[in-house]
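Structural features, examined
Here is what each chain is made of, one letter per residue.
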Amino acid sequence: MRKVLLSTLAACLLSVGAQSPSQADAGEMAKAVFKFPITVTSFAAGTAIGTPIAMGRKSMTSSKEYADKWGEGGFVKKTGGTMVAYPAGMMRGTCEGAVLGPKNAWKNSSEHPFSKDCFSLGDLD
């Protein structure tokens, strides 16, 4: 029984060893293995830091957009439109920024880790 087991094990090792030269170039796999911790760290940092940045930037952009749209006209309409536009813009921008922060971190962590786009400092859309 022992001889059969050892000969089967030797045959398996020889069949695997015969295919080893075809897999000698493990450069791409090694790059992926060594790049994984950097990518995960970049994603975590991009999400933690980039999400509040995206929320602030989108809140300011949305508030300005609403104030320009709703504040056209006379003094009363401009004052009333501005008073309503800022809370509405802050609400919309906060919700959009909460989605865009992790999205930017996810998209940009593997190709360009720790870049401006990863931290939502580049283009948001």
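Scroll up to find the structure this text is about.
In this report, the structure presented in the accompanying data block is examined. (Residues numbered from 1 in each chain as written. Predicted model: local features only at pLDDT ≥ 70, side-chain atom pairs only at ≥ 80, totals over all residues. Heavy atoms only, no water.)

**Description of the packing of aromatic side chains**
Note the cut-off: Think of it this way: a Phe, Tyr or Trp ring, Trp meaning its six-membered ring, pairs with another when their centres are within 6.5 Å, and the plane angle makes it stacked under 30 degrees, edge-to-face over 60, tilted otherwise. By the criteria applied, helices consist of DSSP H or I runs no shorter than four residues and strands consist of E runs no shorter than two, each listed in order from the N terminus. Note on exposure labels: buried denotes an accessible area under 20% of the residue type's maximum, exposed denotes more than 50%, and partly exposed covers the range between, all computed with a 1.4 Å probe on protein chains only.
Taken as a whole and judged by the stated rule, the model has two aromatic pairs. Pairing tyrosine 66 with tryptophan 70 gives two aromatic rings, centres 4.7 Å apart and planes at 0°, and the pair type is stacked. Linking tyrosine 66 with tryptophan 70, this pair stays in helix 2 (residues 27–70), spanning four residues, or about one helical turn. With relative accessibility at 33%, the residue tryptophan 70 sits in the partly exposed group.

**As for the environment of alanine 105**
Just so we agree on the cut-off: In what follows, a contact means two residues having at least one pair of non-hydrogen atoms within 4.5 Å.
Note that alanine 105 resides in helix 3 (residues 75–109). Judged by relative accessible area, which is 0%, alanine 105 ranks as buried. Between the alpha carbons of alanine 105 and isoleucine 49 there is a distance of 9.6 Å; along the sequence they are 56 residues apart. Apart from the residues within four sequence positions on either side, alanine 105 is in contact with Phe43, Gly46, Thr47 and Cys118.

**A few points about the environment of asparagine 108**
Heads up, the condition is: We call two N or O atoms a polar contact when they sit within 3.5 Å, provided that within protein one can donate a hydrogen and the other can accept it, with sequence-adjacent residues counted only if both atoms are side-chain atoms.
Within the fold, asparagine 108 resides in helix 3. Judged by relative accessible area, which is 14%, asparagine 108 ranks as buried. Residues asparagine 108 and cysteine 118, spaced 10 residues apart in sequence, show a C-alpha to C-alpha distance of 5.1 Å. The contact partners of asparagine 108, leaving out residues within four places of it in the chain, are Pro113, Ser115, Asp117 and Cys118. Within the structure, asparagine 108 has its side chain in polar contact with the backbone oxygen of asparagine 104 (distance 3.0 Å). Polar contacts involving the side chain of asparagine 108 include one to the main-chain carbonyl oxygen of aspartate 117, which spans 3.3 Å.

**A look at a nonpolar patch on the surface**
Where we set the bar: What goes into a patch is any residue over 30% in relative accessible area without a salt bridge, connected to like charges within 9 Å or, for nonpolar side chains (Val, Leu, Ile, Met, Phe, Trp, Tyr), within 5 Å. Only the protein chains shown count as covering a residue, and every accessible area follows the Shrake-Rupley method with a 1.4 Å probe. Salt bridges are defined as contacts in which a side-chain nitrogen from Lys or Arg sits within 4 Å of a carboxyl oxygen from Asp or Glu.
A cluster of nonpolar side chains, namely Met29, Val33 and Phe34, defines an oily patch on the protein surface of about 380 Å² accessible area. Counting through the fold element by element, phenylalanine 34 comes out in helix 2.

**Some thoughts on helix 3**
Condition: Each helix should span, by expectation, one fewer than its residue count multiplied by 1.5 Å. To obtain the bend at a residue, axes are fitted to the seven residues ending there and to the seven starting there, and the angle between these axes is taken.
Between its first and last C-alpha atoms helix 3 spans 47 Å; for 35 residues at 1.5 Å apiece the expected length is 51 Å, and the two agree. In helix 3, a bend of some 25° at glycine 97 exceeds every other bend along the element. Along helix 3, the residues classified as buried are Gly81, Ala85, Gly89, Gly93, Gly97, Leu100, Gly101, Asn104, Ala105, Asn108 and Ser109. Against helix 2 lie the buried residues of helix 3.

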